[in-house]
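Residue strings, one per chain:
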Amino acid sequence: MDSLEEDLTCSVCYSLFSDPRVLPCSHTFCKSCLENLLQVSTNYSIWRPLRLPIKCPHCRSVVELPPSGVDALPSNVSLRAIVEKYQRDSEPRAPSCQEHCRQPLNMYCVQDRQLICGLCLTVGQHHGHPIDDLQAAFVREKPTPALLLARLSEQKWSQVCELGEQLEQEKARCDALLRQDRQEVNQFFVSLEEVLARKKQEYLEALSEAAAEVAVTYDPLIHRVKELQEEQLDLVSLGSSVEEEDSPLVFLEKVHQFRDRVEKFIRTPLPSGINLSVTPRAAAYLQQNWPAVTISSLEQAPVPKLRCCTRCDGGIGTETEAEAEPPVTAAWDRWRQLQPTASVALLGLLLLLLAALWANPVGGASLGFSLLSRLSQLAQSLSGSLVTSVWDTMEAECAAMGAAVQRWGSQLSVLRDRVVQQVAALFKTSTSR
């Protein structure tokens, strides 16, 4: 539409063509624009008296007009018709109904307060609604705002203002309470965060100590293995150089040296591989001990003492704890982990000892010393093959059976102590005889 308007615009006045006339050079301009150009050209022209010169604003060519002037130029009838049609189409039209095509909105629905067409009133959704002329409704409702303003009294205004002040005061009071509660909530959860951060730091420090212990355990072994790897690579390189030697004497000397180094390398024992286990594991420990922790007992929430239990490939086990503990405590911890199996075995051995003492006091005493010696050796070697074989099985079960084992384990310990006391008494009696 903009490009069409540009084509219908006069290049002199930059408006739509008004009575367009065609010059002999075929360019079209408004009649009034050509008359103004002709007047300017006549004032400064010494042309023939019977001809009127004019210069075309578009192509700058000079043309001659008859004595009658611009009126003698032909009118561009087609262009005039296009301009008139364009002006008619550009005029604003009355709004039409969106539901009924080309139906003018010429009625005002009083109920829905909107313009409607005749079809909306007769067959549409506004059927049966009261209608009115838009202008008449406007004139009728014109004094309504003044009447409504008159109904607003001074008393109503004072009541509204007083109520507004009360609401503002109540709002300020509630805001103050909420600010106080917000501070208390922040302080409460800050204290919880501090306690949790402290517990977390303690647990992480225990893990760091265990990591340092792991490094102390593995780093020398890894360093030794790397030295062996470098030694073997050097031997391989030396063997290749010996093979390339051409001098018999030098070759024999190098072979002798190479043989000595190879035999020494082969005799060098490899470091024992260590299977390191960190107990207790964090997931099982937290799941077992922390669900029962309440906010009031958060300060007393447990943090474990991590232990690194190592088992060498040769069957000789050693135990190194994150914190230095006496051997009795370490052995007791292992005994508690092996308690379901070892307690039954110990009870059977003690019953066998009692039966021997009952049948033959003298021989039973000798047997008792032998069994007690074996039990002592068994207790000292709990970190050996028995721990190695039972450890992996009991490690997974101890986490789930911990609570139950603690309940009846204490009972077994009491029973064991009583049996030991009775065995000792019987042994003393048989010895005194």
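Conventions we followed
Residues numbered from 1 in each chain as written. Predicted model: local features only at pLDDT ≥ 70, side-chain atom pairs only at ≥ 80, totals over all residues. Heavy atoms only, no water. Helix = DSSP H or I, 4+ residues; strand = E, 2+ residues; numbered from the N terminus. Contact = heavy atoms within 4.5 Å. Phe/Tyr/Trp six-rings, centres within 6.5 Å; stacked < 30°, edge-to-face > 60°. Buried < 20%, exposed > 50% of the residue type's maximum accessible area, 1.4 Å probe, protein only. Pairing = 2+ DSSP bridges. Core = buried A, V, L, I, M, F, W, Y, C linked by side-chain atoms within 4.5 Å. Salt bridge = Lys/Arg side-chain N within 4 Å of Asp/Glu carboxyl O.

As annotated in an unreviewed UniProt entry, the protein carries the name Tripartite motif containing 59 and is attributed to Poecilia latipinna.

### With respect to the overall build of the protein
When helices and strands are tallied, the protein shows 13 helices and 10 strands. Pairs at least 24 apart in sequence give 52% of the contacts found in the protein among residues at least 6 apart.

### Comments concerning the packing of aromatic side chains
Within a pair of aromatic rings, the relevant descriptors are the distance that separates the centres and the angle that separates the planes. Applying the stated criterion across every chain yields a total of 2 aromatic pairs. Where Phe 188 meets Phe 189, the ring centres are 5.3 Å apart and the plane angle is 85 degrees; that geometry is what we call edge-to-face. By relative accessible area, Phe 188 is classed as partly exposed at 40%. Residue Phe 189 is classed as partly exposed on the basis of its relative accessible area of 44%. Ring centres of Tyr 203 and Tyr 285 lie 6.4 Å apart, and the angle between their planes is 80 degrees; this geometry places the pair in the edge-to-face category. Within this pair, whereas Tyr 203 is found in helix H7 (residues 154–243), its partner Tyr 285 is found in helix H9 (residues 282–289), the two being separated by 82 residues in sequence. Residue Tyr 203 shares its accessibility class with Tyr 285, and that shared class is buried.

### Some words on the environment of Glu 253
Looking at where Glu 253 falls in the secondary structure, it is placed in helix H8 (residues 248–267). Sequence separation of Glu 253 and Val 242 is 11 residues, and the distance between their C-alpha atoms is 9.6 Å.

### Notes on the sheet that holds strand E7 (residues 131–132)
Spatial ordering of the open sheet is given by E6-E5-E7, a layout of 3 strands whose pairing is antiparallel. With partners counted over all chains shown, the strands left at the sheet margins are strand E6 (114–116) and E7, one partner each. Sheet topology places strand E5 (residues 107–109) next to E6; 3 bridges connect them, and they run antiparallel. Paired with Cys 109 across the bridge in E6 is Gln 114.

### Section: the nonpolar core
If you look at the biggest cluster of nonpolar residues, it comprises 19 residues, and the most contacted ones within it are Cys 10, Phe 17, Leu 23, Phe 29, Leu 34, Ile 54 and Leu 73. For this core, the secondary structure elements donating two or more residues are strand E2 (28–30), helix H2 (31–43), strand E4 (62–65) and helix H3 (77–90). The residues contacting Leu 23, other than those within four sequence positions of it, are Phe 29, Leu 34, Cys 56 and Leu 73. Counting 7 residues, the second largest nonpolar core, distinct from the first, contains Met 107, Cys 109, Cys 117 and Cys 120.

### A closer look at the pairing of E4
Side-chain alternation along E4 places Val 63 and Leu 65 on a buried face and Val 62 and Glu 64 on a face that remains uncovered. The antiparallel hairpin formed by strand E3 (residues 52–55) and E4 contains 6 residues in its connecting segment, where Arg 60 sits at a positive phi of about 65 degrees.

### A short note on the pattern of salt bridges
For the structure on display, the rule yields 11 salt bridges. Between Glu 299 and Arg 198 there is a salt bridge whose closest N-O contact spans 2.8 Å. With Glu 299 in the loop between H9 and strand E9 (307–312) and Arg 198 in helix H7, this pair connects stretches of sequence that are 101 residues apart. Linking Glu 245 and Lys 254 is a salt bridge whose minimum nitrogen-to-oxygen distance equals 3.2 Å. Glu 245 sits in the partly exposed class, given a relative accessible area of 24%. Ionic contacts of the salt-bridge type, sharing partners, join the residues Asp 19, Arg 21 and Arg 80 into one network.

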